[in-house]
Every structure is written in C-alpha cells, then in structure tokens.
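Each chain, written out:
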Amino acid sequence: MVSGGRRPGEARERLLAAALELFARHGVSGTSLQMIADELGVTKAAVYHRFPSKEDIVWAVIAPALAELEEVARRAEARRRRSDRVATALAGVVDLVVDNRRLMAVILADPAVGRLIREHPTLHALEGRVNAILTGPDPAPGTLVAAAMVSGGLLAAGLDPRLAGLDDDALRHHLLDNARRLLGLRPPPR
C-alpha cells in the first residue's frame, strides 16, 4: 500500500504530488498508472486502490484549484460594489495562477486535459460566474475581448518561460497591474 504507517491522507497526497510531477514532465497522456506506481515505489494495484483511473487522478490533482476558484467567485459575488467584485475576482484568480504554475502548465500543455476540463459542467459554470463578475451585465464587445485576453493571458503567464525567473510576488504584481489595465480599471489606492 502507499501509506507505510504515515498519517491518514499522506499517501494520497504523495500519490497526487507524484502524479503532478509526472504529468508536468510527460503530459497526462504520456503518464501511465504504472509510471506513477514506479515513482512511488508501490504496485500498480496500490494506485488503483486509491484511484480507479487516470482521469480520477487528474480530477483529484485539479480539485483543490477548482475549490479555490469557487471560493474566489463566492467572495467576489458577496461584494456590494461592482468595482470591489472585479478587484476581488482578479486578485483571487491571479493568486490561483501564481500559486499553481505547475498545474497550469499541465492543464494547458495537454490537449486531453484541456478537453476534459472544458467539458466539465461544474468548471464551465464556474468560468461563467467569474466571467460575469469581470464583464458585468450586458458587456460591450470591447469588454468581452478584454476579459478573454485577461483570462487567456493569465493562464499562459503560468507557462511562459520568459516569466519563470520572476518570484511569486513580482509575477503577482505585474499580472494584476496588466489585467486591471486591460479591463480598463483604475489602479488600486496606494
């Protein structure tokens, strides 16, 4: 078994960390359950015991980021003023991207994962909520284009090798600053 006398849940965390590492190196399509087992030094049956399929592992790897995005949307929707909703959503999404650079790389680099995620109804609804926060009701075409550029740019920024040398705080600052400008928002008060 994957546990070996550790605290409950630690074996699952180790398995997911190993899977994410392999997904980042080989892509999801290029990673087998046997490779995950080998990385952990366990049998393939031990991996199957925790997760019946690779798709289940992918969802377990992505689930914390989805939960965080849900929380970002909830916090933003709870704000009264539109400007506060947008600021809360932007800051939360930027934090999510910066804190999950490796996961973003896996999601964007593997077409199978991208398709799996895009087709998931919960994520689709969540993306709609965040988009509605960013664009507001009845958005003009320019606002829709700006929101699409911000969304795509934030995702791509986690992958771009030119940004790999930026520390998290610098990346966070620049992503937020540029996203605000693209959306035509005033800079936050100093």
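Residues numbered from 1 in each chain as written. Predicted model: local features only at pLDDT ≥ 70, side-chain atom pairs only at ≥ 80, totals over all residues. Heavy atoms only, no water.

(A) The packing of helix α1 (residues 10–26) against helix α6 (residues 101–109), seen in detail. Between α1 and α6, the shortest axis-to-axis distance is 9 Å and the interhelical angle comes to 50°. Classified by the interaxial angle, the pair formed by α1 and α6 is oblique. Relative to α6, the crossing made by α1 is left-handed. Here Leu20, Glu21, Phe23 and Ala24 of α1 come into contact with α6, specifically with Arg102, Leu103 and Val106. Among the residues making up the contact of α1 with α6, the classes are represented as five nonpolar, no polar and two charged. (Axes fitted to C-alpha atoms, helices over the stretch in contact; angles between N-to-C directions. Helix = DSSP H or I, 4+ residues; strand = E, 2+ residues; numbered from the N terminus. Parallel < 35°, antiparallel > 145°, perpendicular 65-115°, else oblique. Left-handed = near helix turned anticlockwise from the far one by under 90°. Contact = heavy atoms within 4.5 Å. Nonpolar A, V, L, I, M, F, W, Y, C, P; charged D, E, K, R; others polar.)

(B) Summary view of the side chain of Thr135. Note on placement: Thr135 falls in helix α8 (residues 121–135). Setting aside residues no more than four positions away along its own chain, Thr135 makes contact with Arg82, Thr143, Leu144 and Ala147.

(C) Inspection of the nonpolar core at higher detail. Ranked by internal contacts, the top residues of the largest apolar core, which has 55 residues, are Phe23, Ile36, Ile57 and Ile62. The greatest single-element share of this core, amounting to twelve residues, is contributed by helix α4 (residues 54–77). Here Ile57 is in contact with Leu15, Leu16, Ala19, Phe23, Leu33, Ile36, Val47 and Phe51, once residues within four sequence places are set aside. (Core = buried A, V, L, I, M, F, W, Y, C linked by side-chain atoms within 4.5 Å. Buried < 20%, exposed > 50% of the residue type's maximum accessible area, 1.4 Å probe, protein only.)

(D) Main features of α6. Residues of α6 that are buried: Arg101, Leu103, Met104, Val106 and Ile107. Buried residues along α6 sit against α1, α4, α5 (82–99), α7 (111–118), α9 (141–157) and α10 (168–182).

(E) How the structure looks around the confidence of the model for the protein chain. Here the protein chain averages 88 in pLDDT, while 95% of its residues score no lower than 70. α7 is the least confidently modelled element of the protein chain, averaging 75 in pLDDT, while helix α2 (residues 33–40) averages 95, the highest of any element. (pLDDT = per-residue confidence, 0-100.)

(F) Structural context of the pattern of salt bridges. Applying the stated rule across the entire model yields 15 salt bridges. Linking Arg79 and Asp84 is a salt bridge whose minimum nitrogen-to-oxygen distance equals 3.7 Å. Here the salt bridges do not stand alone but share partners, grouping Glu21, Arg25, Glu39 and Arg102 into one network. (Salt bridge = Lys/Arg side-chain N within 4 Å of Asp/Glu carboxyl O.)

(G) How the structure looks around the packing of α1 against α2. At their nearest, the axes of α1 and α2 sit 9 Å apart, and the two run at 120° to each other. The orientation of α1 relative to α2 falls into the category oblique. In the packing of α1 onto α2, the handedness of the crossing is right-handed. Facing α1, whose interface residues are Arg14, Leu15, Ala18, Ala19, Leu22, Phe23, Arg25 and His26, α2 presents Met35, Ile36, Glu39 and Leu40. A per-class count over the contact of α1 with α2 returns eight nonpolar, one polar and three charged.

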